[in-house]
Amino acid sequence: CVILDVQAACQDATVTQELLKEGFHRDLLVKVELGVVGEDAGGCAVAARTRLPPGIYVDPYELASLQQHNLTKAVLIPDVIDVEAPEYLATDLLVLLYMEPDPRCSRCFRAALPVHGRYHRPAEESEEALVVLKSPEVLVCCCDNRLSAECWKPAEVEAPCSGKNVGPCQWYSVMHKPAYKELILQVPVGLRQHSSLVCVVTLLATVLCSSLILAAVCKYGHFS
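Model, not experiment: these values are computed from the prediction.

Caption draft 1: The arrangement of the overall build of the protein chain in detail. Each helix and strand in the protein chain was counted, giving 3 helices and 13 strands. Counting over 224 residues, the protein chain shows a buried share of 38%. Across the protein chain, the fraction of contacts at a sequence separation of at least 24, relative to all contacts at a separation of at least 6, is 71%. Carbon and sulfur atoms make up 57% of the accessible area of the protein chain, which totals about 14000 Å².

Caption draft 2: Spatial organisation of the sheet that holds strand β12 (residues 170–174). With respect to topology, 6 strands assemble into an open sheet ordered β5-β6-β3-β10-β12-β11, the strand pairing being antiparallel. Edge positions in the open sheet fall to β5 (74–77) and β11 (152–155), since each of these has one partner strand only. If you compare each strand with its neighbour and ignore which way they point, the axes differ by 30° on average. Alignment of strand β3 (residues 45–52) against strand β6 (residues 93–98), held across 6 bridges, turns out to be antiparallel. Residue pairing for β6: Ala48 is matched across the bridge by Leu97.

Caption draft 3: Main features of the state of the cysteines. Scanning the model with the defined rule gives 1 disulfide in all. In this model Cys105 forms its disulfide with Cys108; the gap between the sulfur atoms is 1.8 Å. Of the residues examined, Cys105 reaches a relative accessible area of 27% and is grouped as partly exposed.

Caption draft 4: Broad picture of the nonpolar core. One finds Leu52 and Val58 to be the most contacted residues of the largest nonpolar core, which totals 36 residues. Element by element, the count of residues in this core is highest for strand β8 (residues 108–117), at 4 residues. Discounting chain neighbours no more than four positions away, the residues touching Leu52 are Leu28, Val58, Asp92, Leu93, Val95, Val115 and Leu133.

Caption draft 5: Seen up close, the pattern of salt bridges. What the rule picks out here adds up to 5 salt bridges. Here Arg104 ties to Asp102 by a salt bridge, and the two come within 3.3 Å at their closest N and O atoms. For Arg104, a relative accessible area of 67% translates into the label exposed. Notably, a salt bridge pairs Arg110 with Asp102, separated by 3.9 Å at the nearest N-O pair. Judged by relative accessible area, which is 25%, Arg110 ranks as partly exposed. A relative accessible area of 12% places Asp102 in the buried class. If you follow the salt bridges from partner to partner, you end up with Asp102, Arg104 and Arg110 in one network.

Caption draft 6: Looking closely at the environment of Ala47. If you trace the backbone, Ala47 turns up in strand β3. As a C-alpha pair, Ala47 and Lys73 span 26 residues in sequence and 9.6 Å in three-dimensional space.

Caption draft 7: Seen up close, the confidence of the model for the protein chain. This prediction gives the protein chain a mean pLDDT of 80; 79% of its residues lie at or above 70. Across residues 1–8 the pLDDT falls below 50, and counting only partners more than four positions away or on other chains, this stretch makes 3 contacts in the model.

Caption draft 8: Focus on a nonpolar patch on the surface. Residues Tyr88, Leu89 and Tyr119 make up a contiguous nonpolar surface patch of about 350 Å² in total accessible area. In this fold, Tyr88 is placed in the loop between β5 and β6. The exposure class assigned to Tyr88 is partly exposed, which follows from its relative accessible area of 35%.

Caption draft 9: Seen up close, the pairing of strand β1 (residues 14–20). Burial along β1 is one-sided: the residues Val15, Gln17 and Leu19 are buried and none of Thr14, Thr16, Glu18 and Leu20 is. Bridge count between β1 and strand β2 (residues 25–33): 7 bridges; the pairing is antiparallel. Looking at the pairing, Gln17 lines up with Val30 of β2. In textbook terms, the turn of a hairpin is the stretch between consecutive antiparallel strands, and for β1 and β2 this stretch comprises 4 residues, one of which, Lys21, has a positive phi near 70°.

Rules used in this analysis
- Residues numbered from 1 in each chain as written.
- Predicted model: local features only at pLDDT ≥ 70, side-chain atom pairs only at ≥ 80, totals over all residues.
- Heavy atoms only, no water.
- Helix = DSSP H or I, 4+ residues; strand = E, 2+ residues; numbered from the N terminus.
- Buried < 20%, exposed > 50% of the residue type's maximum accessible area, 1.4 Å probe, protein only.
- Contact = heavy atoms within 4.5 Å.
- Areas by Shrake-Rupley, 256 points an atom, 1.4 Å probe, with all protein chains shown as cover.
- Pairing = 2+ DSSP bridges.
- Axes fitted to C-alpha atoms, helices over the stretch in contact; angles between N-to-C directions.
- Disulfide = S-S within 2.5 Å.
- Core = buried A, V, L, I, M, F, W, Y, C linked by side-chain atoms within 4.5 Å.
- Salt bridge = Lys/Arg side-chain N within 4 Å of Asp/Glu carboxyl O.
- pLDDT = per-residue confidence, 0-100.
- Patch = residues over 30% accessible without salt bridge, like charges linked within 9 Å, V, L, I, M, F, W, Y side chains within 5 Å.

So, in structure tokens, the structure goes:
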């Protein structure tokens, strides 16, 4: 009974995520509620570690601008990202998103991260590709606090507690994982049967624009 009570208390932590906005450019909102398990995590930094699939990415330049204005804190692994690569040439991206306390809820934290959908191969039938985002892992980083060994275990995280370039303290993850739910992003894709039509229209538009530019140069250009 004691073991079951401990597990129930440790599993009191919950994590939810949702996608805001529409289209290819979205905001990933992550919410964490530590509940009873957060009683001994006072003064610790809270973060969500998530692995983004190849169909979605974070723009490192956009992230750097947001962090410069203290709008979000995150660490990307790897930190060099090809934002132009299509989905079938991209790789997974590991993100450590630092959470901020939610003033509307005790022991609650939240953070938002801008994400972008990648170009996918044309499909045979469906006009949408499904990108599955698995639920993040909840982490806390403490420098002085001693966490309950029944609920927390040391975790390997190559990042400092505060999101700044300082010496790292100890990261911990929840011993008994809360129930996770997957989030699905629907990315519009073209149909393979339209490939010929797209090629013809693109070629005609290119020829037309090139002709107009050439005509303008010949009419208004000054040649010596």
